[in-house]
Amino acid sequence: VLWGIHMSCPGFHHAPQHLRCRSLSGAGTLRWNDYDRPEEFNFASDVLDHWTQMEKEGKRSPNPALWWVNDQGDEVKWSFREMTDLTCRTANVLTQTCGLQTGDRLALILPRVPEWWLVCVGCIRTGIIFMPGTTQMKAKDILYRLQVSGAKAIVTTDTLAPEVESVAPECPSLKTKLLVSDHSREGWLDFRSLVKSASPDHICIKSKTLDPMAIFFTSGTTGFPKMAKHSHGFALRSYFPACRKLMQLKMSDVFWCLSDTGWILAALGSLLEPWTAGSTVFAHHLPQFDPKVIIETFFKYPITQCLAAPSVYRMILQQNYTSLRFPTLEHCCTGGEALLPEEQEQWKRQTGVLLYQAYGQSETGISCGTLRGMKIKPGSMGKAIPPFDIQIIDDKGNIQPPNTEGNIGIRIKPTRPIGLFMYYENNPEKTAEVECGDFYNTGDRATIDEEGYFWFLGRSDDVINASGYRVGPAEVENALAEHPAVAESAVVSSPDPVRGEVVKAFIVLNPEFSSRDPGELTKELQQHVKSVTAPYKYPRKVEFVSELPKTITGKIKRSELRKKEFGQK
Ligand code: BCO
């Protein structure tokens, strides 16, 4: 039982006094169109509080807004009314207790616990910019994020508290540490008890649509992850009719997005998309990924729709179950990495449910997809979703004809579309680098066919997409360089039947390590990477080589190694 706040909790029956819902004419009525640019938008007041109002007026079914479960049999079911109440309390904790102000940054590193939703919406209510991060992060990853963002606050759990404490002295901006835990810890504020005792009366800020809302860290070929900054327009985009068509969510849906809370996919799939439709967000704590638990959850709970990376569906299909016919599942969507046509077919055969593909990045959110009910072309990631105008472009930004390979570009001139990231924070050079003529260059290669369907081909740079995680090779190479055995390394993508792609490291050993057992050394190096940076980046494949291919100027030719992995010339 999580701190006693349940659907039946008596403390949450009174009507919040602050609700300022603008006049939406009825449940699910859409107010804005795909190309609208309202001056003001705030997800908390315009969407969440709208559904609260609908609940009060008896215009929404009694399904919870958030339905959270874990393996121990605990459940949390919060209505929209409770969500409004609790997120207003959270907003008061953040501003009054912690002294945070609009525009301040808050690092949000929580596993799938109900408080994740409270902090996200609490930040949106106050204009505090939240920066989700995966709980797989290690002290160094956290240090980098806190320093580069100048975060004034962090919210995390007991597991990561020691890592945060080990780097906090090097983060002068960090003033507040909030702990989500059943225990208190010195130097940390107790989030749960503060929320309990906070006032539920809060006036949501009137945010401009283009004011900043969130920052997502995203890896590139070189250097450390960049900060892709998104405005409140990112949440508004989920409201647009074209986006609503992707999954056609309705109030009665119970929607499960399996993404880690650190990724933009979770912000979309566990927060913005379902709540915009007034659906129930379903969440399982899932501290460790286990396909069996996922399958059992589909059988146990009335989940109607699901969003997850292709690797998740692949891993489910590999389990030895007599039936994967889930009783209530109607629609599945996937994104984050490439999906093979045969995998799409297999999912349909075994579950009886179609698997629709979408495409996006931390910079873009879901930018194209096969909309529910649209013809599926197996292997294609569907069509552009307005207001994004997506084209295949060459390196100068010229639009390419159908069936010609090029970069996926999203038009930003003359108008940058609502929902696309604003820029890379503190990084005008990188922001300029991805501008290509009138387009934002995603760095992903694809073709478009005569009917406007996109066909993914791969990255144009050295970034690795391992089971849906975007991994910068330099991040792994830097981690390897800290091990005494490694003289130098090159990290590239390598194909994998389950994970699509995995991280592979080519390593030149220092002479004193060359006689070591390669199997043992591989394990040691993998463990080393897992211990110094987020473990999802560790090289699942390792090859020891005597030298690395280099240009005459000494630059490692990663592309040569990658091509070899994929059997290309
Ligand atoms: O393979 P090993 O078992 O040796 O190691 C794994 C984990 O066991 C381990 N690990 C995980 N959490 C840990 C930990 N070790 C220590 N401490 C922790 N806290 O680390 C290794 C890496 O884990 P993994 O996550 O790669 O593999 P796993 O657990 O098998 O999970 C499989 C997937 C498919 C669930 C996972 O790879 C996944 O979630 N992939 C999807 C990522 C995703 O959501 N991408 C979307 C990004 S947003 C986007 O693309 C924009 C779309 C609009």
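Look up a bit, the structure's there.
Residues numbered from 1 in each chain as written. Predicted model: local features only at pLDDT ≥ 70, side-chain atom pairs only at ≥ 80, totals over all residues. Heavy atoms only, no water.

## Digging into the overall build of the chain
Part 1 of the reasoning: Along its length, the chain carries 16 helices and 27 strands.
Part 2 of the reasoning: Projected onto its principal axes, the C-alpha positions of the chain cover 70 × 60 × 55 Å.
Part 3 of the reasoning: Going through the 569 residues of the chain one by one, you find that 60% of them count as buried.
Part 4 of the reasoning: Within the chain, counting contacts between residues at least 6 apart in sequence, those at least 24 apart form 69% of the total.
Part 5 of the reasoning: Counting 64 positive and 65 negative side-chain charges, the chain places the averaged centre of each group 3 Å from the other. (Helix = DSSP H or I, 4+ residues; strand = E, 2+ residues; numbered from the N terminus. Buried < 20%, exposed > 50% of the residue type's maximum accessible area, 1.4 Å probe, protein only. Contact = heavy atoms within 4.5 Å. Lys, Arg positive; Asp, Glu negative; His and termini not counted. Charge placed at Lys NZ, Arg CZ, Asp CG, Glu CD.)

## Describing the environment of Phe282
Part 1 of the reasoning: By secondary structure assignment, the location of Phe282 is in strand 11 (residues 280-284).
Part 2 of the reasoning: Sequence-distant contacts of Phe282, that is, excluding residues within four places in its chain, are made with Trp67, Val69, Val254, Phe255, Trp256, Cys257, Thr297, Tyr301 and Ile303.

## A few points about the sheet that holds strand 25 (residues 486-496)
Part 1 of the reasoning: Strand order in the open sheet formed by three strands is 25-26-27, with mixed pairing between adjacent strands. Two strands bound the open sheet, and with one partner strand each, they are strand 25 and strand 27 (541-544). Across the sheet, the axes of successive neighbouring strands diverge by a mean angle of 25°, strand direction being ignored.
Part 2 of the reasoning: Examined bridge by bridge, strand 25 and strand 26 (residues 500-509) share 10 bridges and lie antiparallel to one another. Bridge pairing in strand 26 places Glu488 opposite Val508. (Pairing = 2+ DSSP bridges. Axes fitted to C-alpha atoms, helices over the stretch in contact; angles between N-to-C directions.)

## Comments concerning helix 15 (residues 518-532)
Part 1 of the reasoning: Compared with the 21 Å implied by 1.5 Å per residue over 15 residues, the 21 Å span of helix 15 between its first and last C-alpha is a close match.
Part 2 of the reasoning: Looking at helix 15, one finds that the buried residues are Leu521, Thr522, Leu525, Gln526, His528, Val529 and Val532. Along the axis of helix 15, the buried positions cluster into a sector of 160°, meaning they face one direction only. Opposite the buried face of helix 15, at more than 90 degrees from it, the exposed residues are Glu520, Lys523 and Gln527.
Part 3 of the reasoning: Contacts from the buried residues of helix 15 go to helix 4 (139-149), helix 14 (473-481), strand 25, strand 26 and strand 27. (Expected span 1.5 Å × (residues − 1). Arc of directions from axis to C-beta.)

## Observations concerning the sheet that holds strand 10 (residues 254-257)
Part 1 of the reasoning: In space, the nine strands of this open sheet follow the order 2-1-11-10-12-13-14-15-16, with mixed pairing throughout. Across the chains shown, the open sheet's two edge strands, defined by having one partner strand only, are strand 2 (75-78) and strand 16 (383-384).
Part 2 of the reasoning: The pairing of strand 13 (residues 331-334) with strand 14 (residues 355-361) spans three bridges and is parallel. Bridge pairing in strand 14 links Thr334 to Gln357.

## What about the packing of helix 14 against helix 15?
Part 1 of the reasoning: Interhelical geometry of helix 14 versus helix 15 gives an angle of 110° and a closest axis separation of 9 Å. Our classification of the angle between helix 14 and helix 15 gives roughly perpendicular. Handedness of the helix 14/helix 15 crossing: right-handed. Counted together, Val476, Ala479 and Leu480 of helix 14 and Leu525, His528, Val529 and Val532 of helix 15 form the full contact between these two elements.
Part 2 of the reasoning: Residue composition of the contact of helix 14 with helix 15, by class: six nonpolar, one polar and no charged. (Parallel < 35°, antiparallel > 145°, perpendicular 65-115°, else oblique. Left-handed = near helix turned anticlockwise from the far one by under 90°. Nonpolar A, V, L, I, M, F, W, Y, C, P; charged D, E, K, R; others polar.)

## With respect to the pairing of strand 9 (residues 226-231)
Part 1 of the reasoning: In terms of burial, strand 9 is largely enclosed, as six of its six residues are buried.
Part 2 of the reasoning: Across the two faces of strand 9 the burial is the same, with Lys226, Ala228 and His230 and Met227, Lys229 and Ser231 all buried.
Part 3 of the reasoning: With six bridges connecting them, strand 8 (residues 212-218) and strand 9 associate as antiparallel partners. Among the inter-strand pairings, Phe216 is bridged to a residue of strand 9, identified as Ala228.

## What to know about the packing of helix 1 (residues 43-56) against helix 2 (residues 80-97)
Part 1 of the reasoning: With their axes 8 Å apart at the nearest point, helix 1 and helix 2 run at an angle of 135° to one another. Taken as axis vectors, helix 1 and helix 2 run oblique relative to one another. Seen from above, helix 1 lies across helix 2 with left-handed handedness. Contacts between helix 1 and helix 2 involve Leu48, Asp49, Trp51, Thr52, Glu55 and Lys56 from the former and Phe80, Arg81, Met83, Thr84 and Thr87 from the latter.

## What about the pattern of salt bridges?
Part 1 of the reasoning: Scanning the entire structure with this criterion turns up 39 salt bridges.
Part 2 of the reasoning: A salt bridge links Glu482 to Lys140; the shortest N-O distance between them is 2.3 Å. In this pair, Glu482 is assigned in the loop between helix 14 and strand 25 and Lys140 in helix 4, connecting sequence segments 342 residues apart.
Part 3 of the reasoning: Note on Lys140: relative accessible area 49%, which makes it partly exposed.
Part 4 of the reasoning: Residue Glu524 pairs with Arg516 through a salt bridge whose shortest N-O separation is 2.6 Å.
Part 5 of the reasoning: Owing to a relative accessible area of 33%, Glu524 belongs among the partly exposed residues under this scheme. (Salt bridge = Lys/Arg side-chain N within 4 Å of Asp/Glu carboxyl O.)

## Details of the site of the ligand
Part 1 of the reasoning: Near the ligand, the surroundings consist of 26 residues, among which Ser467, Gly468, Tyr469, Lys530 and Arg540 are the closest.
Part 2 of the reasoning: At 2.9 Å from an oxygen atom of the ligand is found a side-chain nitrogen or oxygen belonging to Arg499.
Part 3 of the reasoning: Arg540 has a polar side-chain atom sitting 2.7 Å from an oxygen atom of the ligand.
Part 4 of the reasoning: At the level of elements, helix 9 (264-276), helix 11 (310-317), strand 14 and strand 15 (365-369) are the ones that each hand at least two residues to the shell around the ligand.
Part 5 of the reasoning: By residue number, the principal contributor to the shell around the ligand is helix 11, which donates three residues.
Part 6 of the reasoning: Grouping the amino acids of the shell around the ligand by side-chain chemistry returns 12 nonpolar, 10 polar and four charged. (Near = heavy atom within 4 Å. Polar contact = N/O pair within 3.5 Å; in protein donor to acceptor, adjacent residues only side chain to side chain.)

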